[in-house]
Amino acid sequence: MNADISALWDRIQGMINGFIVLLPNIVLALIVFAIFFAVARAIKRVVKRLTRDRHQARNLGLVLGRLAQGTILLIGLFVALSIVIPTFRAGDLIQLLGISGVAIGFAFRDILQNFLAGILILLTEPFQINDQIVFKGFEGTVENIETRATTIRTYDGRRIVIPNSELFTNSVTVNTAFESRRLQYDVGIGYGDDIDRAKELMLEALHSVPEILKDPAPDVLLMELAESTVNIRIRWWINPPRRADDLASRDKVLSAIKKTLVENGIDLPFPTQQILFHDQTEEIDGDRSRQREGWPSGKGEIPKPRSISSSLRLLAQKQDDGNSKVDSTTVNNET
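Bear in mind that the values here come from a model prediction, so they are computed numbers and not experimental data.

J.: Which parts of the structure should I look at to understand the sheet that holds strand β6 (residues 181–189)?
T.: Where strands meet in a sheet, backbone hydrogen bonds hold them as pairs that are either parallel or antiparallel. Here we have three strands laid out as an open sheet, ordered β6-β8-β7, and antiparallel in their pairing. Taken across any chain shown, the strands that pair with only one partner, and hence form the sheet edges, are β6 and β7 (219–225). With direction set aside, neighbouring strand axes in the sheet form an average angle of 25°. Sheet analysis places β7 next to strand β8 (residues 230–238), joined by six bridges and oriented antiparallel. When the sheet's bridge partners are listed, Glu 224 is paired in β8 with Asn 231. Across the face of the sheet, helix α7 (residues 195–207) comes into contact with β6, β7 and β8 while running at roughly 20° to β8.

Shown next as structure tokens:
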């Protein structure tokens, strides 16, 4: 028992002595790593400062700054380990990482995929910070592009975090990619209105809105003969193409068009539906001249349409007659 305690004490004393011997190396290693850490942060700030005023190179500066910081920190870690453990060689760590690289790749596949996609997004710049994009059901302003995910701020003040792999492999609409943007809206007029006059009035209303660009000029096009309306599409351009400018110009354009059309007697009809009633019996089944269904029946007699009230009255009368027949049949069976 005493021998075991003595052996354990000797081992603990040896570990303490070894730590005391390595303590200067540990302190020196921490100082060296702290220097590398400070240098890495300084280089990152310098790169960001150099690219801050250059809109096209801002995203590239972000990725270069982060990569430079990570590389310097990795070198500092190797140097610190070499100071603490003189027998340590960087090749040993690289060999170990190579052996476990496959396992790490499978374990962190999504993380690595998002990281590589983030690097490619920052390098190719399909969109930039402060751009307004639409991705699937999300729309907003790009706040930040990181190596793992991209954050956008929606117009109603919410933050959406989207993995970079999703953005890189799917379609993204960039509303602010160009200086100007075209908007459109369909306006329905009545079938009895003059189409040329309505188009002329719409153009006048469009030209009265100062937010609309003169070049390219706005235009109006007849698009559809719908069920209840004749649909005319109005198209106009705005600059800048941001969401707030979109809403502001749309409000003024639609207000001006409605006011102008109403003042000049152009109808803005709402959807209507016509319901036709006719009797369908075996006697007149297939006889077009005895049915009224919205088309001419030829030279024969055209039945007059029955009103809804008279149709309901006739239906109720038939139901009463049917009930009377059933009652009389029941009485005869009982007698």
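So, next bit.
J.: It is not clear to me how the pattern of salt bridges should be interpreted in this structure. Could you clarify?
T.: Applying the stated criterion to the full structure yields ten salt bridges. Across the pair Glu 200 and Arg 197 runs a salt bridge whose closest N-O atoms are separated by 3.7 Å. Here Glu 200 pairs with Arg 197, and both are found in helix α7, just three residues apart, close to one helical turn. The exposure class of Arg 197 is partly exposed, given its relative accessible area of 34%. Between Arg 243 and Asp 246 there is a salt bridge whose closest N-O contact spans 3.6 Å. Of this pair, Arg 243 and Asp 246 both sit in helix α8 (residues 243–263), separated by three residues, roughly a single helical turn. Using a relative accessible area of 2% as the deciding quantity, one classes Asp 246 as buried. Connected via shared salt-bridge partners are Arg 181, Arg 243, Asp 246 and Arg 250.

J.: I keep staring at the sheet that holds strand β2 (residues 138–145) and nothing clicks. Help me out?
T.: Read from one edge to the other, the open sheet built from five strands follows the order β4-β3-β2-β1-β5, with strand pairing classed as antiparallel. Edge strands, defined here as strands with exactly one partner in the open sheet, are β4 (159–163) and β5 (173–174). The sheet contact formed by β2 and strand β3 (residues 149–154) spans five bridges and is antiparallel. Bridging from a neighbouring strand, Val 142 pairs with Ile 152 of β3.

J.: Any chance you could explain unusual backbone geometry here in plain terms?
T.: Generally, phi is negative for residues other than glycine and the peptide bonds are trans, each holding for most cases. Here the residue pair Asp 215 and Pro 216 is connected by a cis peptide bond, since its omega of 0° sits within 30 degrees of zero. For Pro 216, the position within the fold is in the loop between α7 and β7. Cis geometry marks the peptide bond from Asn 239 to Pro 240; its omega dihedral reads 5°. Backbone geometry at Glu 125 places phi at a positive 55°, although glycine is not the residue there.

J.: Before we go on, may I ask you to explain the side chain of Thr 176 in this structure?
T.: One can find Thr 176 in the loop between β5 and β6. On the accessibility criterion, Thr 176 (12% relative accessible area) is buried. Not counting chain neighbours up to four residues away, the residues in contact with Thr 176 comprise Asp 131, Gln 132, Pro 241 and Arg 242.

J.: Just checking my understanding: could you explain the nonpolar core for this structure?
T.: Grouped burial of nonpolar side chains is what soluble globular proteins tend to show. Judged by nonpolar contacts, the single largest core of 21 residues is most densely connected at Met 202, Leu 206, Ile 234, Trp 236, Val 253 and Ile 257. Looking at this core, the elements that each hand over two or more residues are β6, α7, β8 and α8. If we skip the residues at most four places from it in the chain, Trp 236 touches Arg 181, Arg 182, Leu 183, Gln 184, Tyr 185, Leu 206, Ile 212, Pro 218, Ser 249, Arg 250 and Val 253. Judged by nonpolar contacts, the second largest core, of 15 residues, contains Ile 129, Ile 133, Ile 152 and Val 174.

What counts and how
- Residues numbered from 1 in each chain as written.
- Predicted model: local features only at pLDDT ≥ 70, side-chain atom pairs only at ≥ 80, totals over all residues.
- Heavy atoms only, no water.
- Pairing = 2+ DSSP bridges.
- Helix = DSSP H or I, 4+ residues; strand = E, 2+ residues; numbered from the N terminus.
- Axes fitted to C-alpha atoms, helices over the stretch in contact; angles between N-to-C directions.
- Contact = heavy atoms within 4.5 Å.
- Salt bridge = Lys/Arg side-chain N within 4 Å of Asp/Glu carboxyl O.
- Buried < 20%, exposed > 50% of the residue type's maximum accessible area, 1.4 Å probe, protein only.
- Core = buried A, V, L, I, M, F, W, Y, C linked by side-chain atoms within 4.5 Å.

Everything listed is a geometric property; what it means functionally is a separate question.
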